[in-house]
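What follows is the residue order along each chain.
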Amino acid sequence: MPSPRSPLSRLFTVLLAGLLAGLVLAVAALPGNLIGGQVAKAALGAYVELPDALRTPAQPQRSYLYANDAKTLLTTFYDVNRTDVPLAEIAPVMRQAIVAAEDRRFYSHGGADLRGIVRALVANVRGGGTEQGGSTLTMQYVRNVLKNDPTRTAEERQAATEQTVGRKLQEIRYAAALEKSLSKDEILNRYLNIAYFGSGAYGVAAASQRYFGKAPGDLTLGEAALLAGLVQSPDEYSPIGGDQARALERRAYVLDAMAGTGAITAAQATAARAEKLTLHPTAQPNGCTAVAQGHDDWGYFCDYLRQWWLTQPAFGNTVKEREQALRRGGYTVVTSLDPKVQQTAQQQATAVYGYDNKRALPIAAVEPGTGRVLAMAVNRHYSLDQNPAGQANRPNTVNPLISGGDSVDGYQAGSTFKLFTMLAALEAGKPLATGFDAPAKLPTRYAAEGEGACDGKWCPANANPQWMDGYRMMWDGFGRSVNTYFVWLAEQVGPAKAVEMAQRLGIKFRADSDAAFAKDNAENWGAFTLGVAATTPLDLANAYATVAAEGTYCTPVPVVSVTAANGEKVAVGQPSCKKVLDTDVARAATDAARCPVGQQSAYGQCNGGTATSVDRIVGRPVAGKTGSSEQNATETFVGFTPQVAVAGIAANPDDSTDLVGSPVQAKVIDAVARVIRTAVAGQAVKDFTAPSRELAGDPQRPTPQPTPRPDQPRQQQDRGLPSDLLRWLQNRRG
């Protein structure tokens, strides 16, 4: 049964009708369009100036985030679940149904149907049926706009629905003025895009998806009639969580009304009434914790994008305005996330450590030359769900474990930082052939006490003296990761130069202690070259991507394009790049970085590497570097081709004293290499350009004999074998 109307509502209708009834009776013989137009104008005053909200409505719309294929929906953001669609994309039966249900004389009145108001008065006073309001579609549109106008105060929005004669008269005046400005179809389109259909769905596009999982252009007659019937009392009639029987009663009413207007035949109405109610409820995701089911790993990238968005002036002058733009602006965002690369990265991260493991393997992939972030993965669920007791951040967390920020400073990346020392040395004019007889331990000028000190000085050591000690140049010093060679090299150019180089390539010092050392004592930061500063996989991947792009640094960016609700492109998200390294310097560093991964430099000076399996896995020109922090607390690998750079760091995000151990290094190497392979699959094979002879230098020593590393697993003992024999062994195993 219909709910009884309140005495106040009845009184309001009586008062309003009393003002208008005389007018209606006096001109009853006139055509309806004159009653709604000329007579309303004479009775209610001359043309009024429309508020900006009615001329150009700024109604909130949902923003969509897609992967870089522009098809895979990651998630949406909204305060109001609503998306505008043109009238041509709304099924004709839906247009006919809403007119029949809410305003049968829509195409004949001039905005206010005075006859309809009196008819509603009579029906409501008599009772015994569904309450009628007498408002036209145009009047309802006016009310909806004003009560949702984000530029108005809360008090002004509330006033748009007050039950007063003055407010109703103003609504009629606005409706009459609006009909002078817009065509009937334009008004109908705007109405269908703003009306509330229940279950959180505003507008017919959101309603079609919410109830039937389809676009509004695909609605059937029965579906359209059901949606049109919801508008009068959306939450009460909603078949989702409401009253399905009432929803079907309203559907029948609308079908009969459509038959009455001639939009459909009586037979069509009968057939549609007999249809079983079939719903396909679709909940629209909202925010980063509501990404598509089974893809909660996308949440970390989504959160990174949201943080980026909040820094962009194009979306507002303040963080609050930018947040509101994301949730209400109706943007279409094509992100840089590559679904295939992301899937591989997630599979590899979870293959090394499970979701419940206290240790983590965050992985990031970046495109050289653009800075576009292709993947961000870690063995955690991006979720606010509660974790088991004693497991603060696993398996669920929303902490930025891959990109850093908030409470995440990052992780030590070990010898991967030797790249910055090598670049600083090359930039200072020292060639790749710069030689040094690297000892097992190297006394330095830096004061130190306790373990690792020699006579009061810091005395770094090589991890595997038998394999690392001896005359080294940058090629094999980098390939074999010789600590004493790179500490010596850092002393030659000054540690501050290496620190500055890292910052130039985008390494951020998020830990207060690191930032203080870099600012006030960089010249004495001798251990910097061994990777004692905290970093993140994203920063590290982008730094190496700068070398892959031959010295062009690009700010990391998570989008390809952003389109506003009106179809215009927003000028954000384009690559922001600058030259930070001489091209030849970058090429020289890349030439040395071929050594760790089991490939050969252009000058034939590689004689052993710490990640030789990468050559076999990637199967094309590749470079990179491993990194082990003190006591193997973390294990890192970063690799790159001209088309992609990928970094992974195995660590315990919650306890830096928990040592992941050296055995996991091979797994990290394998994981990163497989992500690289996926990223370049289908792309043309590109080789690295050799550096100049001037920057390579002239090696003044015979090629050293390879020495296996007896303390390593079988794969690691391959380090130092001639490349042709090494490839033969790898092919046999693969």
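Everything that follows concerns the structure shown earlier in this document.
Residues numbered from 1 in each chain as written. Predicted model: local features only at pLDDT ≥ 70, side-chain atom pairs only at ≥ 80, totals over all residues. Heavy atoms only, no water.

Undergrad: Give a description of the overall build of the protein chain that names residues and reports values.
TA: In terms of regular secondary structure, the protein chain is built from 30 helices and 21 strands. Split into buried and exposed, the 734 residues of the protein chain put 55% on the buried side. Across the protein chain, every contact between residues at least 6 apart in sequence was considered, and the portion connecting residues at least 24 apart equals 71%. For the protein chain, the accessible area works out to roughly 29900 Å², and carbon and sulfur atoms hold 50% of it. (Helix = DSSP H or I, 4+ residues; strand = E, 2+ residues; numbered from the N terminus. Buried < 20%, exposed > 50% of the residue type's maximum accessible area, 1.4 Å probe, protein only. Contact = heavy atoms within 4.5 Å. Areas by Shrake-Rupley, 256 points an atom, 1.4 Å probe, with all protein chains shown as cover.)

Undergrad: Explain the side chain of Arg251 to me, and be specific about the residues and the numbers.
TA: Mapped onto the secondary structure, Arg251 falls in helix H13 (residues 244–261). It turns out Arg251 is buried and unbridged, and the closest side chain with the opposite charge, Glu275, is 4.7 Å from it. If we ignore the near neighbours within four places in the chain, the residues touching Arg251 are Gly222, Ala225, Leu226, Ala272, Arg273 and Glu275. (Lys, Arg positive; Asp, Glu negative; His and termini not counted. Salt bridge = Lys/Arg side-chain N within 4 Å of Asp/Glu carboxyl O.)

Undergrad: Give me the pattern of salt bridges: which residues, what numbers.
TA: It is possible for side chains bearing opposite charge to pair when their charged atoms get close. Scanning all chains against the criterion turns up 23 salt bridges. The closest approach of N and O atoms between Asp658 and Arg359, which form a salt bridge, is 2.9 Å. Within this pair, whereas Asp658 is found in the loop between strand S21 (645–650) and helix H27 (664–680), its partner Arg359 is found in the loop between helix H17 (339–352) and strand S6 (363–366), the two being separated by 299 residues in sequence. The exposure classification of Asp658 matches that of Arg359, with both residues buried. Residues joined in a network through salt bridges with shared partners are Arg143, Arg167, Lys168 and Glu171.

Undergrad: Let's hear about the packing of aromatic side chains: which residues, and what values?
TA: Applying the stated criterion to the full structure yields 22 aromatic pairs. Relative to Tyr382, the ring of Tyr300 lies with its centre 5.0 Å away and its plane at 80 degrees, an arrangement referred to as edge-to-face. Here Tyr382 lies in strand S8 (residues 381–382) and Tyr300 lies in helix H15 (residues 298–309), a separation of 82 residues in the sequence. Given the relative accessible area of 4%, Tyr300 is considered buried. Seen from their ring centres, Trp309 and Tyr331 are 5.2 Å apart, and the 75 degrees between their planes marks the pair as edge-to-face. Of this pair, Trp309 sits in helix H15 while Tyr331 sits in the loop between helix H16 (319–328) and strand S5 (332–335), and the two are 22 residues apart along the sequence. The pair Trp309 / Tyr331 is uniform in exposure class, with both members buried. Chaining the aromatic ring pairs together yields one cluster made of Phe417, Phe420, Phe509, Phe517, Trp525 and Phe528. (Phe/Tyr/Trp six-rings, centres within 6.5 Å; stacked < 30°, edge-to-face > 60°.)

Undergrad: Pulling in residues and values, what's your account of the sheet that holds S21?
TA: A sheet is described by the order of its strands in space; here 5 strands give the open sequence S7-S6-S21-S20-S19, paired in antiparallel fashion. Unpaired on one side and paired on the other, strand S7 (373–377) and strand S19 (623–628) mark the two borders of the sheet. Averaged over all neighbouring strand pairs, the angle between strand axes comes to 5 degrees, with direction disregarded. In this structure, strand S20 (residues 635–640) lies alongside S21, joined through 6 bridges in antiparallel fashion. Looking at the pairing, Phe640 lines up with Ala645 of S21. Along the sheet, H27 contacts S19, S20 and S21; its crossing angle with S20, the most-contacted strand, is approximately 25 degrees. (Pairing = 2+ DSSP bridges. Axes fitted to C-alpha atoms, helices over the stretch in contact; angles between N-to-C directions.)

Undergrad: Account for the packing of helix H4 (residues 92–102) against H13, naming residues and giving values.
TA: Their axes nearest at 8 Å, the elements H4 and H13 cross at an angle of 95 degrees. Judged by the angle between their axes, H4 and H13 are roughly perpendicular. The segment H4 lies against H13, with Val93, Gln96, Ala97, Ala100, Ala101 and Glu102 engaging Arg250, Tyr253, Val254, Ala257, Met258 and Thr261. Split by residue class, the contact of H4 with H13 holds 8 nonpolar, 2 polar and 2 charged. (Parallel < 35°, antiparallel > 145°, perpendicular 65-115°, else oblique. Nonpolar A, V, L, I, M, F, W, Y, C, P; charged D, E, K, R; others polar.)

Undergrad: Any details on the sheet that holds strand S2 (residues 73–77)? Residues and values, ideally.
TA: On the basis of which strands lie adjacent, the open sheet formed by 4 strands has the order S2-S1-S5-S17 and mixed pairing. At either end of the open sheet lies a strand with only one pairing partner, and these are S2 and strand S17 (559–563). The average undirected angle you get between the axes of adjacent strands in this sheet is 15 degrees. Both strand S1 (residues 63–66) and S2 contribute to a ladder of 4 bridges, which runs antiparallel. For Tyr64, the partnering residue across the bridge sits in S2 and is Thr76. Contacting S1, S2, S5 and S17, H15 runs over the sheet at an angle of about 45 degrees to S2.

Undergrad: Give me the lowdown on unusual backbone geometry, citing residues and values where you can.
TA: Cis peptide bonds are those with omega within 30 degrees of zero, and the linkage from Arg394 to Pro395 qualifies with 5 degrees. Secondary-structure assignment places Pro395 in the loop between S8 and strand S9 (396–397). One non-glycine residue, Asp406, adopts positive backbone phi at about 55 degrees. Within the secondary structure layout, Asp406 lies in the loop between S9 and strand S10 (411–412).

Undergrad: Would you mind going over the packing of helix H18 (residues 418–427) against helix H25 (residues 583–593) in detail, with residue names and values included?
TA: The relative placement of two packed helices is expressed as an angle between their axes plus a distance between the axes. Relative to each other, H18 and H25 sit at 135 degrees, their axes nearing to 9 Å. When the axis of H18 is compared with that of H25, the two are oblique. Here H18 runs over H25; the crossing is right-handed. Across the interface between the two elements, Leu419, Met422, Leu423, Leu426 and Glu427 from H18 touch Val585, Ala588, Ala589 and Ala592 from H25. Tallied by class, the residues present in the contact of H18 with H25 amount to 8 nonpolar, no polar and 1 charged. (Left-handed = near helix turned anticlockwise from the far one by under 90°.)

Undergrad: Give a detailed account of the nonpolar core, specifying residues and quantitative values.
TA: Generally speaking, a soluble globular protein has its nonpolar side chains buried in company with each other. Trp309, Phe420, Met422 and Phe528 are the most contacted members of the largest nonpolar core, which totals 111 residues. Counting residues in each nonpolar core, the second largest holds 64 residues, with Ala91, Leu114, Met139 and Leu192 among its members. (Core = buried A, V, L, I, M, F, W, Y, C linked by side-chain atoms within 4.5 Å.)

Undergrad: Account for the state of the cysteines, naming residues and giving values.
TA: Counting across every chain of the model gives 4 disulfides. Across a sulfur-sulfur distance of 2.1 Å, Cys554 and Cys577 are joined as a disulfide pair. Looking along the S-S bond of the Cys554-Cys577 disulfide, the torsion reads about 105 degrees, which is the right-handed sense. A residue pair is termed long-range when its members are at least 10 positions apart, and Cys554 in strand S16 (residues 552–554) and Cys577 in strand S18 (residues 577–579) qualify at 23 residues. In this structure Cys577 comes out as partly exposed when scored by relative accessible area, which is 34%. Each bonded cysteine of the protein chain gets a number by its place in the sequence, and the pairs then read 1-2, 3-4, 5-6, 7-8. (Disulfide = S-S within 2.5 Å.)

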